[in-house]
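Understanding the architecture of this molecule
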Amino acid sequence: MKIEIQHVKKNYNDFEAVHDLSFSVEDGELMAFLGPSGCGKTTLLRMIAGLIPVTSGKILFDGRDVTTLPVQKRNTAMVFQNYALFPNMTVSENVAFGLKIRKLNKKEREKKVKAILEKVHLLEYYDRRIQELSGGQRQRVALARALVLEPDILLFDEPLSNLDQKLRVSMRQIIRQLQKEYKITCLYVTHDQEEAMSISDSIAVMDLGVIQQIDTPQNLYFHPKNAFVSDFIGKTNLFYLSKQKGDGFITFLEKQISVPAEAIDRGQVIISIRPENIRIQKLAFGIEARVRYREVLGLITRYHIETTDNKEILVDMISNEENEIYQDGEKIELVFDEGAINVFID
Ligand SMILES: Nc1ncnc2c1ncn2[C@@H]1O[C@H](COP(=O)(O)OP(=O)(O)OP(=O)(O)O)[C@@H](O)[C@H]1O
Ligand SMILES: [Mg+2]
């Protein structure tokens, strides 16, 4: 089911938590919402679910205005960070709860509960109490409880934040697989950008109640629209450089970088270059710099570099034993391709 958000705002008394948001999520699409704490992600989900009213604007499901429709008439389901299960009930009682409210008979309930528990690999826990489950198992029960109602829209609010890294990776695969199988439209809020990138068709990057960019994970990474997005998605080196107004280029580390047309009349531009787009090599006749220190992070080794004009730059190189040749304090040279640089005006 397609979701359209049209000029939606939310005020809590004098405070505007969500400013004039407009976007849409296509039928069967999974859109992730990524943004710093307090930027309005939970507020947005709660408005879509109908748990809190909008201050102004409209919400449409498949073109139908649902802005004032009560929560139980929207056919959405929500999965939370803290599971929100009934701790004293069994797994099957939790999953069957919503079906009971919908007045399905016992036989139908059992059939649906078993089928969905099988999907989340929990059939053998049918009679287990929630208190006797691990965090990952609890979150699979919560997912089953949401899916069993065959919602048109599934809303996730940081569902994996309480789980450890390995479990988060396997859970996100389960969620994505089921979402595709059932073709459910999903909005998925997370703090974890790797999770957002791995699970979604598109990502909305939010800051201060405003969407900064909505795009595919790939485009957000390679073609961020502004400095905030380039810094928020992945790691980057950002430099605020002043320049001569009217110039179509800027000098960065001894190279002339051309700037976009809209930046020509600016006195300042922002340059972004990702750590993996710079290389270090033995000092010869290139751009001289110095290794402050390095961190071996596993797959990559991250070098903290200081340039001759006192800029700090991160450089990521694939780890191999040859990396050992660049020692703390060593003078080296930097190599990069101008094509890998993004220039922004804000
Ligand atoms: N009931 C409320 N009354 C007043 N202010 C609220 C209320 N709920 C949320 N807020 C404020 O609205 C803003 C957005 O809150 P929200 O919970 O949507 O943020 P979030 O993006 O989900 O943050 P987090 O990532 O920490 O969960 C915050 O500044 C918060 O303090
Ligand atoms: Mg939140």
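Just so it is clear, the structure is predicted and the values come from calculations on it, not from any experiment.

**Concerning helix α5 (residues 165-182)**
The end-to-end C-alpha distance of α5 is 26 Å, a good match for the 26 Å that 18 residues give at a rise of 1.5 Å each. Where α5 is buried, its residues contact β3 (30-34), α4 (135-147), β8 (185-190) and α6 (193-199). With its phi angle positive at about 50°, K183 sits one or two positions after the end of α5.

**Some thoughts on the pairing of strand β6 (residues 76-80)**
The element β6 is extensively covered by neighbouring structure, given that four of its five residues are classed as buried. Pairing between β6 and strand β7 (residues 153-157): five bridges, direction parallel. Counted as the bridge partner of M78 is L155 from β7.

**Observations concerning the sheet that holds strand β5 (residues 64-65)**
In a beta sheet, neighbouring strands are held together by backbone hydrogen bonds and run either parallel or antiparallel to one another. With antiparallel pairing, the four strands of this open sheet are ordered in space as β2-β1-β4-β5. Looking at the sheet topology across the chains shown, the edges are occupied by β2 (15-25) and β5. Relative to β5, strand β4 (residues 56-61) is paired through two bridges, and the arrangement is antiparallel. By the bridge assignment, L60 is partnered in β5 with D65.

**Thoughts on the packing of helix α2 (residues 91-101) against α4**
The contact between α2 and α4 brings their axes to 8 Å, and the two run at 30°. Considering their axes alone, α2 and α4 lie roughly parallel with respect to each other. When you trace α2 past α4, the crossing you get is right-handed. Of the residues in α4, those in contact with V91, N94, V95, F97 and G98 of α2 are V141, A144 and R145. Its residues assigned to classes, the contact of α2 with α4 comprises five nonpolar, two polar and one charged.

**Things to note about the environment of D65**
With respect to the element layout, D65 can be found in strand β5. Along the primary structure D65 and K235 are separated by 170 residues, whereas in three dimensions their C-alpha atoms are 40 Å apart. If near-sequence neighbours (up to four positions away) are discounted, D65 is found in contact with K58 and L60.

**Points about the domain arrangement of the protein chain**
Split into domains, the protein chain comes out as domain 1 (3-227) and domain 2 (235-344). One C-alpha centre belongs to domain 1, the other to domain 2, and the line joining them spans 39 Å.

**Structural notes on unusual backbone geometry**
With a phi close to 40°, D20 is a non-glycine residue in the positive phi region. For D20, the position within the fold is in strand β2. In this model, K183 sits at a positive phi of 50°, which is unusual for a non-glycine residue. Considering the arrangement of structural elements, one finds K183 in the loop between α5 and β8.

**A word on the nonpolar core**
Grouped together as the largest cluster of nonpolar side chains are 62 residues, with contacts concentrated most on V95, A144, L187, Y188 and V205. Among residues more than four places away in sequence, those in contact with V205 are L34, G35, Q212, Q213, L220, V229, F232 and I233. The next biggest cluster of nonpolar side chains, apart from the first, holds 18 residues, and it includes I273, I280, L334 and I341.

**Observations regarding the environment of K112**
Of note, K112 is situated in helix α3 (residues 106-119). According to the C-beta neighbour criterion, K112 is partly exposed, with 19 such atoms within 10 Å. Expressed as a C-alpha distance, the spacing of K112 and K58, which sit 54 residues apart in the sequence, is 34 Å. In contact with K112, not counting residues within four places along its chain, are L99 and V148.

**Thoughts on the site of ligand 1**
Looking at ligand 1, the residues that line it are Y12, F15, A17, S37, G38, C39, G40, K41, T42 and T43. Within the residue set of the shell around ligand 1, elements represented by two or more residues are β2 and α1 (41-49). Looking at the shell around ligand 1, the element that brings in the most residues is α1, giving three residues.

**Quick look at the packing of α4 against α5**
Where α4 contacts α5, the axes come no closer than 11 Å and their chain directions differ by 15°. Relative to α5, α4 is oriented roughly parallel. α5 is crossed by α4, and the crossing has right-handed handedness. Of the residues in α5, those in contact with G136, Q139, L143 and L147 of α4 are L167, M171, I175, L178 and Y182. Of the residues belonging to the contact of α4 with α5, the class tally is seven nonpolar, two polar and no charged.

Analysis parameters
All residue numbers here refer to positions counted from 1 along the written sequence of the relevant chain. Note on labels: chains are lettered from A, ligands numbered from 1, in written order. A pLDDT threshold of at least 70 governs which residues receive local features in this predicted model, and a stricter bar of 80 or more applies before side-chain atom pairs are shown or counted, although totals over entire chains, interfaces and linings include all residues. For helices the rule is a DSSP run of H or I covering at least 4 residues; for strands it is a run of E covering at least 2, with both sets numbered from the N terminus onward. A helix is expected to span 1.5 Å multiplied by its residue count minus one. Throughout, a residue-residue contact means that the two C-beta atoms, derived from backbone geometry, are no farther apart than 7 Å. The burial criterion counts other C-beta atoms lying within 10 Å of a residue's C-beta, which is placed from the backbone; the residue is buried at 20 or more, exposed at 12 or fewer, and partly exposed between these limits. Any two strands between which DSSP finds at least two bridges are classified as paired. Each axis is a line fitted through C-alpha atoms, taken for helices only over the stretch in contact, and angles between the N-to-C directions span 0 to 180 degrees. By definition in this entry, angles of less than 35 degrees are roughly parallel, angles greater than 145 are roughly antiparallel, angles of 65 to 115 are roughly perpendicular, and the rest are oblique. Crossing handedness follows the turn of the near helix against the far one: under a right angle anticlockwise gives a left-handed crossing, and clockwise gives a right-handed one. Just so you know the grouping, Ala, Val, Leu, Ile, Met, Phe, Trp, Tyr, Cys and Pro go in nonpolar, Asp, Glu, Lys and Arg go in charged, and all remaining residues, Gly too, go in polar. For the domains described, the bounds stem from an automatic or database domain assignment. Residues of type Ala, Val, Leu, Ile, Met, Phe, Trp, Tyr and Cys that are buried and joined through C-beta atoms within 7 Å form what is called a nonpolar core. Placing the C-beta atom from the backbone, one calls a residue near a molecule or strand if that atom lies within 6 Å of it.

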